[in-house]
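Listed here are the chains, written in short residue letters.
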Amino acid sequence: MNRGVREIEPELWVVDRPLPLRVGDLGTRMTVIRLSNGHLFLHSPVALDNDLQSALDELGPVCHVVGPSTVHHLFLGDYTFAYPDAVLWGARGLAAKRKDLTFQEELANDSGAHWGDEIVAHVFGGFVVNEVVFFHPATRTLVLTDLAFNVTHQSRNEAKLFHWLVGAKGHFGPHRLIRIGILDRAAARASLEEILDWDFDRVIVTHGDVLESGGKEKMRGAFDYLLGP
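Residues numbered from 1 in each chain as written. Predicted model: local features only at pLDDT ≥ 70, side-chain atom pairs only at ≥ 80, totals over all residues. Heavy atoms only, no water.

**Q** For this particular structure, what's the right way to read the pattern of salt bridges?
**A** Should the charged atoms of two oppositely charged side chains come close, the side chains can pair. Under the criterion given, the structure shown has eight salt bridges. The salt bridge partner of D199 is R140, with a shortest N-O separation of 3.0 Å. You can see D199 sitting in the loop between α6 (185-196) and β15 (202-204) and its partner R140 sitting in the loop between β11 (132-136) and β12 (141-143), a full 59 residues away along the chain. Residue classification places D199 among the partly exposed residues on the basis of a relative accessible area of 46%. The network of salt bridges with common partners includes R6, D16 and R29. (Salt bridge = Lys/Arg side-chain N within 4 Å of Asp/Glu carboxyl O. Helix = DSSP H or I, 4+ residues; strand = E, 2+ residues; numbered from the N terminus. Buried < 20%, exposed > 50% of the residue type's maximum accessible area, 1.4 Å probe, protein only.)

Set out below in structure tokens:
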């Protein structure tokens, strides 16, 4: 696996890392966005080592560290130690779960006010892990955490049994556990309708391959069971 910072577009990068769990190595991905003031926004941070820290420092000052759901938080402490002046953001409920960390801000639908109109944030309704979805208009990119996997036949896949059991293998979309975790379908439908109004084409997922194009159509198709007739 590439251990470097991979450029997707100017001002947009990803960092891929292994994520060994009991069900296998799911792999994980951090998304890095550089704002117009040069500050870096880190979504779902991966484990920080010296090489990664040096690479990030070359891109700009790390100013926003984001835990986008109540289950994506394992490596936040690495960054609060390395970047004590950065703002630590957490999804609703994460501060109570990680009392060892000091969160300066809780993610909400109006969080984008802190980033101007450069990043749009939306709390996906009805989802048990309080995932916050992000949109980067400059690159027409949607950034997801667990709402959708994109485990294609070409993906590096060391959790084949898990992906098969939950129905995540070979396609873009929510697997069975994610669907079970959407407890309020009306709220989720309202969120999905709002997200589909955004002008995105690419979708960066945290598990699986980056979906480089056709993202809106794929997103609509993957969640059509929520949209109804």
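**Q** Would you mind showing me how to read the sheet that holds strand β8 (residues 87-90) here?
**A** Two modes of strand pairing occur in sheets, parallel and antiparallel, and in both the strands are linked by backbone hydrogen bonds. Pairing in this open sheet of seven strands is mixed, and the strands run β1-β2-β5-β6-β7-β8-β9 from one edge to the other. Of all the strands in the sheet, the pair left with one neighbour each is β1 (6-9) and β9 (105-106). When strand β2 (residues 12-17) meets strand β5 (residues 28-34), the two strands line up antiparallel, connected through six bridges. Its bridge partner lying in β5, R17 is registered against T28. (Pairing = 2+ DSSP bridges.)

**Q** I tried to follow the environment of T206 on my own but got confused; where do I start?
**A** Considering the arrangement of structural elements, one finds T206 in the loop between β15 and α7 (215-222). By relative accessible area, T206 is classed as buried at 2%. As for T206 and L147, which are separated by 59 residues in sequence, their C-alpha atoms are 9.3 Å apart. When residues no more than four places from it in sequence are discounted, the contact partners of T206 are G27, T28, R29, H43, S44, H72, L144 and T145. (Contact = heavy atoms within 4.5 Å.)

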